[in-house]
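Coordinate analysis (summary)
In case you want the letters, here they are:
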Amino acid sequence: GPKVLQIPSHQIIDMGQMVTLNCDPVSNHLYFYWYKQILGQQMEFLVNFYNGKVMEKSKLFKDQFSVERPDGSYFTLKIQPTALEDSAVYFCASSFSSAETLYFGSGTRLTVL
Amino acid sequence: SQWGEENLQALSIQEGEDVTMNCSYKTYTTVVHWYRQDSGRGPALIILIRSNEREKRSGRLRATLDTSSQSSSLSITAAQCEDTAVYFCATASMSNYNVLYFGSGTKLTVEP
């Protein structure tokens with residue numbers, strides 16, 4: 001089936017540093033999402049992105065977070081600066097139409113020390 | 001919150017048994033997604049049920065949707081060890097259909 005690739009699978013950084021999480025979505029998909037999951041618990045919506053713009057964002061999407069998809073390549077989540085509470089697994093997802101079947105990557109485990 | 005149940009639930013059953021997982025939601029929706037998440041992986045859609053279907057089957061899976069009680073269920077018949085996973089229901093509300101919100105999930109363990 002369609003694949004969403006996330007790079008890297010694990011990232012360890014010091015608090016206060018910047019981190020960029022990369023996602024290669026399904027090629028013909030138009031909607032892109034980031035979710036946050038802590039300790040295998042609930043999938044928490046962060047943000048969705050369409051036509052080069054953020055459509056919706058949750059309270060978890062702090063001012064330190066930003067997303068972009070330059071030149072239709074990777075869909076990225078940048079956190080600058082990072083905080084301890086940002087430690088989690090971040091999942092990227094894409095879909096062809098809004099809130100229809102989401103295809104998820106395998107996640108990037110972010111550890112902030 | 002979109003959801004009535006907030007805590008991850010855990011179920012443990014023996015291989016060959018049937019199991020039903022439930023979720024209830026607070027805001028009106030016309031479609032419920034059920035996703036399965038294996039350890040170390042992202043969620044994957046296993047069944048999607050719309051309000052005009054009430055029941056939908058896919059292999060050993062059966063989903064129901066009751067919009068009047070705002071609840072959905074997922075049943076697995078004759079569970080197998082490979083059914084061990086976390087199962088989430090997810091909906092997009094009518095007021096914010098661009099976003100899929102996930103419930104807290106059920107961690108299902110099927111023992112041999």
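A short tour of the structure in this document, coming up. (Residues numbered from 1 in each chain as written. Chains lettered and ligands numbered in written order. Predicted model: local features only at pLDDT ≥ 70, side-chain atom pairs only at ≥ 80, totals over all residues. Heavy atoms only, no water.)

A cluster of nonpolar residues, Leu30, Tyr50 and Phe96 of chain A, forms a patch on the protein surface that exposes about 280 Å² of accessible area. Checked against the element boundaries, Phe96 of chain A lands in the loop between strand S9 (88–95) and strand S10 (103–104). (Patch = residues over 30% accessible without salt bridge, like charges linked within 9 Å, V, L, I, M, F, W, Y side chains within 5 Å. Areas by Shrake-Rupley, 256 points an atom, 1.4 Å probe, with all protein chains shown as cover. Salt bridge = Lys/Arg side-chain N within 4 Å of Asp/Glu carboxyl O. Helix = DSSP H or I, 4+ residues; strand = E, 2+ residues; numbered from the N terminus.)

Let us now look at the interface of chain A and chain B. Contacts between chain A and chain B engage 20 residues on the former and 24 residues on the latter. Buried surface at the junction of chain A and chain B, summed over both partners, amounts to about 1,700 Å²; 51% is from carbon and sulfur atoms. Our count for the contact surface shared by chain A and chain B stands at one salt bridge. One salt bridge connects Glu100 of chain A with Arg50 of chain B, and the closest N-O pair in it is separated by 3.2 Å. Summed over the shared surface of chain A and chain B, the number is five residue pairs in polar contact (both at pLDDT 80 or more). Elements supplying a minimum of two residues to the side of chain A that touches chain B: strand S4 (31–37), strand S5 (43–50) and strand S6 (53–57) of chain A. (Contact = heavy atoms within 4.5 Å. Buried area = accessible area lost by both parts, 1.4 Å probe. Polar contact = N/O pair within 3.5 Å; in protein donor to acceptor, adjacent residues only side chain to side chain.)

Paired through backbone hydrogen bonds, the strands of a sheet run either parallel or antiparallel to each other. Residue and element names in this part refer to chain B. The sheet built from four strands is open, its strands ordered S2-S7-S6-S5 with antiparallel pairing. Sheet topology places strand S2 (19–24) and strand S5 (55–58) at the edges, where each strand pairs with a single neighbour. Taken over all neighbouring pairs, the strand axes of this sheet differ in orientation by 15° on average, direction set aside. Here four bridges tie S5 to strand S6 (residues 61–66), and the two strands are oriented antiparallel to one another. Following the sheet pairing, Glu55 is matched in S6 by Thr64. (Pairing = 2+ DSSP bridges. Axes fitted to C-alpha atoms, helices over the stretch in contact; angles between N-to-C directions.)

A few words on the packing of aromatic side chains. All names here are of chain A. All told, the structure shown has 13 aromatic pairs over all chains when counted by the stated rule. Here Tyr35 and Phe104 contribute two aromatic rings whose centre-to-centre distance is 5.6 Å and whose plane-to-plane angle is 55°, an arrangement assigned as tilted. Separated by 69 residues along the polypeptide, Tyr35 in strand S4 and Phe104 in strand S10 bring together distant segments of the chain. Of the two residues examined, Tyr35 and Phe104, each falls in the buried class. Between the aromatic rings of Phe49 and Phe75, the centroid separation amounts to 5.3 Å while the plane-to-plane angle is 40°, which identifies the pairing as tilted. With a gap of 26 residues between them, Phe49 in strand S5 and Phe75 in strand S8 (residues 75–79) connect regions that are remote in the sequence. (Phe/Tyr/Trp six-rings, centres within 6.5 Å; stacked < 30°, edge-to-face > 60°. Buried < 20%, exposed > 50% of the residue type's maximum accessible area, 1.4 Å probe, protein only.)

Counting 22 residues, the largest nonpolar core has Trp34, Leu46, Val67, Phe75, Leu77 and Tyr90 of chain A as the members making the most contacts within it. Mapped onto this core, the elements with two or more residues apiece are strand S3 (19–24), S4, S5, strand S7 (65–68), S8, S9 and strand S11 (108–112) of chain A. Each residue touching Leu77 of chain A, except ones within four places of it in the same chain, is listed here: Val19, Thr20, Leu21, Trp34, Leu46, Phe61, Phe65, Ser66, Val67 and Tyr90 of chain A. Listed in part, the 20 residues of the second largest apolar core include Tyr25, Trp34, Leu65 and Val110 of chain B. (Core = buried A, V, L, I, M, F, W, Y, C linked by side-chain atoms within 4.5 Å.)

The next subject is the sheet that holds strand S1 (residues 5–7) of chain A. Residues and elements named next belong to chain A. Read across the open sheet, the four strands follow the order S1-S3-S8-S7; overall the sheet is antiparallel. Each edge of the open sheet is held by one strand with a lone partner, namely S1 and S7. Going from strand to strand, the sheet's axes swing by 20° on average, the running direction of each strand aside. Sheet topology places S1 next to S3; three bridges connect them, and they run antiparallel. Counterpart to Leu5 in the pairing with S3 is Asp24.

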